[in-house]
Amino acid sequence: TPAVAETLVVGSKRFTESYILGEIVRQAALRAGERSVHRSGLGNTAIVFEAIKSGAIDIYPEYTGTLDREILGNPRSSSLVELNRQLARYGLGVGVPLGFNNTYALAVREDVAQQRGLRRISDLSHHADLRLGLSQEFLGRRDGWPGLREAYGLPFPSPRGIDHGLAYVALATGQVDVIDVYTTDAKLARYRLRLLEDDRHYFPAYEAVLVYRLDLPERFPKAWRALQSLAGTIPEPTMIRLNAEAELQGKRFTEVAAGFLDGAAAAS
Ligand code: PBE
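Quick notes on the rules
Throughout this document, residue positions are counted from 1 along each chain, in the order its sequence is written. It should be noted that, the model being predicted, local features are given only for residues of pLDDT at least 70 and side-chain atom pairs only at 80 or more, the latter also being counted only at that level, while totals for whole chains, interfaces and linings use all residues. Note that water and hydrogens are dropped before the side-chain values are worked out from all heavy atoms of the structure. In this scheme, a residue with accessible area under 20% of its type's maximum is buried, one over 50% is exposed, and one in between is partly exposed, where area comes from a 1.4 Å probe on protein chains only. Numbering of helices and strands runs from the N terminus, with a helix taken as a DSSP run of H or I at least four residues long and a strand as a DSSP run of E at least two residues long. When checking whether two residues touch, look at their non-hydrogen atoms; a contact exists if any pair is within 4.5 Å. When DSSP finds at least two bridges between two strands, those strands are taken to pair.

Novice: I'd like to hear about helix α3 (residues 64-71), residue by residue, with values.
Specialist: Across the eight residues that make up α3, a large majority, eight, are buried. Turning to α3, its buried residues number three or more, namely T64, G65, T66, L67, D68, R69, E70 and I71. Contacts from the buried residues of α3 go to β1 (7-13), α2 (45-54), β3 (59-63), α4 (80-87), β4 (92-95) and β10 (208-213). Note on α3: the residue one or two positions beyond its end, G73, has a positive phi of about 70 degrees.

Novice: Provide a residue-level description of the environment of G165, including the pertinent values.
Specialist: Mapped onto the secondary structure, G165 falls in helix α8 (residues 164-172). Separated by 22 residues in sequence, G165 and K187 place their C-alpha atoms 9.8 Å apart.

Novice: Give a description of the pairing of strand β6 (residues 132-135) that names residues and reports values.
Specialist: Side chains L132 and L134 project from β6 onto one buried face, and the interleaved G133 and S135 project onto a second face that is buried too. Judged from the two bridges that link them, β6 and strand β8 (residues 178-182) form a sheet pairing that is parallel. Looking at the pairing, L132 lines up with V178 of β8. Bridge analysis of β6 against strand β7 (residues 160-162) gives three bridges, and the strand direction is parallel. Within the sheet, the bridge partner assigned to G133 lies in β7 and is R160.

In structure tokens:
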């Protein structure tokens, strides 16, 4: 037997939901009796994917549409079987669909939407004076702004980059007119906003999943069993509630994750 137990290293991206999911993974592994640390908020998708390829982390929460479009450059949505086939060349696997989809959407204030008659993304093409404030990662992603602009033939040559954590306040105070949102954002319920219909079906599904190094199940068998039992346990309303506990009630990510796992344990 090895002298020192190995430590499972979890990573996450730099936004609320990713922190919470990373913390759920760390604590689930810990509760299963495995040593585990969480390198939280490592950076954007590209940075976290580099970290798992290099072995700096063993596992992190990701989304199917992000794997397809941004990471693998696939033009269409793939099945998990196909994603696994493509990820195997990096020594990676994907699984444990958690139970919710978190897609991008464009949002405007309800009063502005009514004044201008905005319902669908295609309606924006007749309102070239609107000011867009888009999250930095969205501005540069393959499934983000450049493709969206082209798919809809939108004007807006240079939208402002804005930190996603500040976007809702910027919209509410009228500093910008249109922002990109994530559909499980807790703040969506806080402000009177209208989500514009993606009438050209540009955005794919972004089902939450776990991406892991293929040697993880063998190195951490107890954690692996515990992680697999997370499949299907986070329906969309639950994820929105967990995001709200962190962003609206000011709970720590560790506390939000522990509360979720306590509830899951009590229910089983
Ligand atoms: N998403 C929507 C992005 C951020 C918001 C969850 C698909 C992602 O992290 O890939």
